[in-house]
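Residue-level structural notes
Here is what each chain is made of, one letter per residue.
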Amino acid sequence: MTAVTIPGLEHAPTNHARLLAWVQEVAELTCPDEVVWADGSQGEWDRLTQKLVDAGTFKPLKKKQNSFWAASDPSDVARVEERTYICSVREEDAGATNNWMDPSEMKAIMTELYRGCMRGRTMYVIPFCMGPLDAEKPMLGVEITDSEYVVVSMHIMTRMGTKALAVFGDDADFVPALHSLGAPLEPGQQDVQWPCNDTKYISHFPETREIWSFGSGYGGNALLGKKCYSLRIASVMARDEGWLAEHMLILKLTSPENKAYYIAAAFPSACGKTNLAMLEPTIPGWKVETLGDDIAWMRFGEDGRLYAVNPENGFFGVAPGTDYHTNPNAMRTIAKGNSLFTNVALTDDGDVWWEGMGEPPAHLTSWKHQDWTPDSEELSSHPNSRYCTPIEQCDIKAPEWDDPKGVPISAIFFGGRRATTIPLVTESRDWQHGTYMGATLSSETTAAAVGKTGVVRRDPMAMLPFIGYNAGDYFQHWVDLGKRADADKLPKIFYVNWFRRGEDKRFLWPGFGENSRVLKWAIERLEGKAAAVETPIGYVPTADDLDLEGLDASHEDIEAALEFNADEWRAEIPLVEEWFAKIGEKVPTTLRDQLEALKQRLG
Ligand SMILES: C=CCn1c(=O)c2[nH]c(Cc3ccc(NC(C)=O)cc3)nc2n(CCCC)c1=O
């Protein structure tokens, strides 16, 4: 096959043979009008954001400098879990929680979808690095995409372009991540504001560490460094290499005595994970700084402790529910500009607005490009609408946020949204018990997600959509870490629930900044300074064990929030048995033993 001459292919800014061959192969398959190597420069940002403005995809925001509003096609508004596949060579390696297809079958299907799909468009080659560029082992990837929206989003979310390519040298390993909107343009055809395709595939090939995505331009489907690389592929790397790639925030908590602790925490959606990552403590003298709000890579240091790094360079946060009361630090970060907003509402004076931001203006342009007023039936912003903003400009970013060594994790928190049963906070008995807590993590569905509300779903380690392999093997990986010689150096595991309700359906715990009281208690437990009651489900504080100074809540409510109710827990047992049965025979015996032991303790 003669090497077709596609403009931009000839002067590649690298001698990396495998990369050049892959780029050539993809260009010949997808037939773009030209190939552009993304360099990550300000000039590139200006050019591409202008191109998106001209296409009607972006609107510049007058009230936020260097920031843009975008609205997607209503059919392309969130991750498409039913179109997300783990194409492991063996079906059982995908397990019961993933969609599977034979890798060669998937590649045959998708190759035909990619054929000619970039006609009339530009093919961008984005070298990127997840985590700091000066890491001992930089985690490299290359995303090929025909979406300018993806390129400018990657400017914020990753270290990318020339500075990343410099780390590739001539033969570094990298994760090839191929993406197309699947919307070829015939000559003279007018482009739409949000090109995409009704046929969507988000496919992962774990043995070869490859990602192929087709048909969606949105979030985790298209920004392939995030969920696809940093969780699904990275979780497979972590199992093979003995580390952890987890769906966790990382925060730094400093006590009034100026002692710093680092905490990682996993929550399903609608639990306020980003709000916790950027917490404003209500108790005097305590300070929270943030390292990340979504993903933590944790590796063992010389001292046997787990050191966490945030692989991302930006926040891609859910906008609705974010305001100066729930998350002032997120609001201050986006107020500085340099941010992208997708599927939120646009104000008449060129600012953004979403539900949860207090009183709505008299008129807005909704995410569906329609006139919106406060008495509109519809929401002004989509529940999964997002802000995309650089961590660099977050006032409370920890100094260590981009330290390649990472930070030593003292505590891991798992949390879910449960109206009953789960106390405000429970300390695990040990690592294996903590792993059981994570593996059986449950949370109630909310209006934000589709379907009924209040349905209890299992979401192990809040990783259910992101485990790149058999969930039973994933649990085993956690269990095996607890068998290390220096297992005493592992973080202490806690389980929290901010959302317990009283008989009258009122929330029993005020949450938000008051959660700092729970973090304080956990730290004091690590230091051996706080008391707790040993219950069948773990160590639970009494109201007197918490620092409730100045808290505006009744003693009864706090006691009710902390209550261990044996009957409610007996009712949990069959739900956990059903969950383990769904995962299958690879559920570690250690976890089955934990369930048996819990049953015995409940009597
Ligand atoms: C660090 C904060 C974590 N957090 C919480 O701790 C939290 N708690 C609640 C429940 C709640 C809601 C309203 C009140 N209002 C008053 C006045 O008490 C109290 C609790 N909602 C919460 N939310 C919002 C969840 C949707 C994303 C939340 O993010």
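Residues numbered from 1 in each chain as written. Predicted model: local features only at pLDDT ≥ 70, side-chain atom pairs only at ≥ 80, totals over all residues. Heavy atoms only, no water.

1. What to know about the site of the ligand
For clarity, the cut-off: Here a residue is considered near a molecule or strand provided that any single heavy atom belonging to it is located within 4 Å of it. By the criterion applied in these results, polar contacts are pairs of N or O atoms within 3.5 Å in which, for protein atoms, one can donate a hydrogen and the other can accept it, and in which residues neighboring in sequence qualify only through two side-chain atoms. With residues, only the protein chains shown are counted as cover, and all accessible areas are computed by Shrake-Rupley using a 1.4 Å probe. Classification convention: Asp, Glu, Lys, Arg as charged; Ala, Val, Leu, Ile, Met, Phe, Trp, Tyr, Cys, Pro as nonpolar; all other residues, Gly among them, as polar.
The full set close to the ligand counts 15 residues, and Gly 272, Asn 275, Phe 507, Phe 512 and Asn 515 are the nearest of them. Asn 275 places a side-chain nitrogen or oxygen 2.8 Å from an oxygen atom of the ligand. Expressed as a share of its isolated accessible area of 640 Å², the protein-covered part of the ligand is 65%. Broken down by class, the residue content of the shell around the ligand amounts to 10 nonpolar, four polar and one charged.

2. Some details on the UniProt feature "binding site: substrate" (unreviewed entry) in the protein
This is how the line gets drawn: UniProt positions are given in the numbering used here, feature names are shortened, and annotations may be inferred rather than shown by experiment. By the criteria applied, helices consist of DSSP H or I runs no shorter than four residues and strands consist of E runs no shorter than two, each listed in order from the N terminus. Burial classes follow relative accessibility: with a 1.4 Å probe on protein chains only, a residue under 20% of its type's maximum area counts as buried, one over 50% as exposed, and anything between as partly exposed. Working rule for contacts: check all heavy atoms of both residues, and any pair within 4.5 Å makes them a contact.
Residues annotated in UniProt with the feature "binding site: substrate" (unreviewed entry) correspond here to Arg 79, Tyr 218, Gly 219, Gly 220, Ser 269, Asn 384, Ser 385 and Arg 386. Within the secondary structure, Arg 79 sits in the loop between strand S3 (68-70) and strand S4 (84-86). A residue is classified by how much of its surface remains accessible, and Arg 79, at 28% relative accessible area, is partly exposed. Discounting residues that sit within four places of it in the chain, Arg 79 has contacts with Gly 220, Asn 221, Lys 227, Arg 232, Pro 465 and Phe 466.

3. Some details on the sheet that holds strand S23 (residues 386-390)
To keep things clear, this is the line we draw: By this definition, two strands are paired if DSSP reports at least two bridges between them. Each axis is a line fitted through C-alpha atoms, taken for helices only over the stretch in contact, and angles between the N-to-C directions span 0 to 180 degrees.
Taken together, the five strands give an open sheet; going across it, the order is S2-S3-S18-S23-S17, and neighbouring strands pair in mixed fashion. Among the strands making up the open sheet, the edge pair consists of strand S2 (58-60) and strand S17 (314-318). This sheet shows a mean twist of 20° between the axes of neighbouring strands, independent of strand direction. Pairing analysis gives three bridges linking S3 to strand S18 (residues 340-342), with the strands arranged parallel. Considered in S18, the bridge of Phe 68 is made with Leu 340. In the packing of helix H2 (residues 42-54) onto the sheet, the strands contacted are S2, S3 and S18, and the crossing angle to S2 comes to about 110°. Across the face of the sheet, helix H9 (residues 328-335) comes into contact with S18 and S23 while running at roughly 70° to S23.

4. Some points on the UniProt feature "binding site: GTP" (unreviewed entry) in the protein
Residues annotated by UniProt as "binding site: GTP" (unreviewed entry) correspond here to Ala 270, Cys 271, Gly 272, Lys 273, Thr 274, Asn 275, Arg 386, Arg 417, Phe 512, Gly 513, Glu 514 and Asn 515. Considering the C-alpha atoms alone, the annotated residues occupy 246 residues of sequence and remain spread out, their largest mutual distance being 25.6 Å. Beyond its immediate sequence surroundings of up to four residues, Ala 270 is in contact with Arg 417, Thr 446 and Phe 499. Relative to the helices and strands, Gly 513 is located in the loop between strand S28 (492-496) and helix H12 (516-526). If we ignore the near neighbours within four places in the chain, the residues touching Gly 513 are Leu 279, Glu 280, Pro 281 and Thr 282.

5. Overview of the packing of aromatic side chains
Two measures describe an aromatic ring pair: the distance that separates the ring centres and the angle between the ring planes. Heads up, the rule is: Any two of the Phe, Tyr and Trp rings considered here, Trp counted by its six-membered ring, make a pair once their centres fall within 6.5 Å; the pair's planes then place it as stacked at under 30 degrees, edge-to-face at over 60, or tilted in between.
Under the defined criterion, the tally for this structure stands at 25 aromatic pairs. Ring geometry for Phe 168 and Phe 174: centres 5.9 Å apart, planes at 45°, overall tilted. A residue is classified by how much of its surface remains accessible, and Phe 174, at 12% relative accessible area, is buried. Taken together, the ring pairs connect Trp 45, Phe 58, Phe 68, Tyr 149, Trp 194 and Tyr 218 into an aromatic cluster.

6. Comments concerning the side chain of Lys 200
Using the following cut-off: Charge counting follows a simple rule: Lys and Arg are positive, Asp and Glu are negative, and His as well as the terminal groups are ignored. We define a salt bridge as a side-chain nitrogen of Lys or Arg found within 4 Å of a carboxyl oxygen belonging to Asp or Glu.
With respect to the element layout, Lys 200 can be found in the loop between strand S8 (175-180) and strand S9 (201-205). The buried charged residue Lys 200 lacks any salt bridge, with Asp 76 as its nearest oppositely charged partner at 4.6 Å. At 2.8 Å, the side chain of Lys 200 forms a polar contact with the backbone oxygen of Asn 197. Beyond its immediate sequence surroundings of up to four residues, Lys 200 is in contact with Ser 75, Asp 76, Val 80, Arg 83, Phe 214, Gly 215 and Ser 216.

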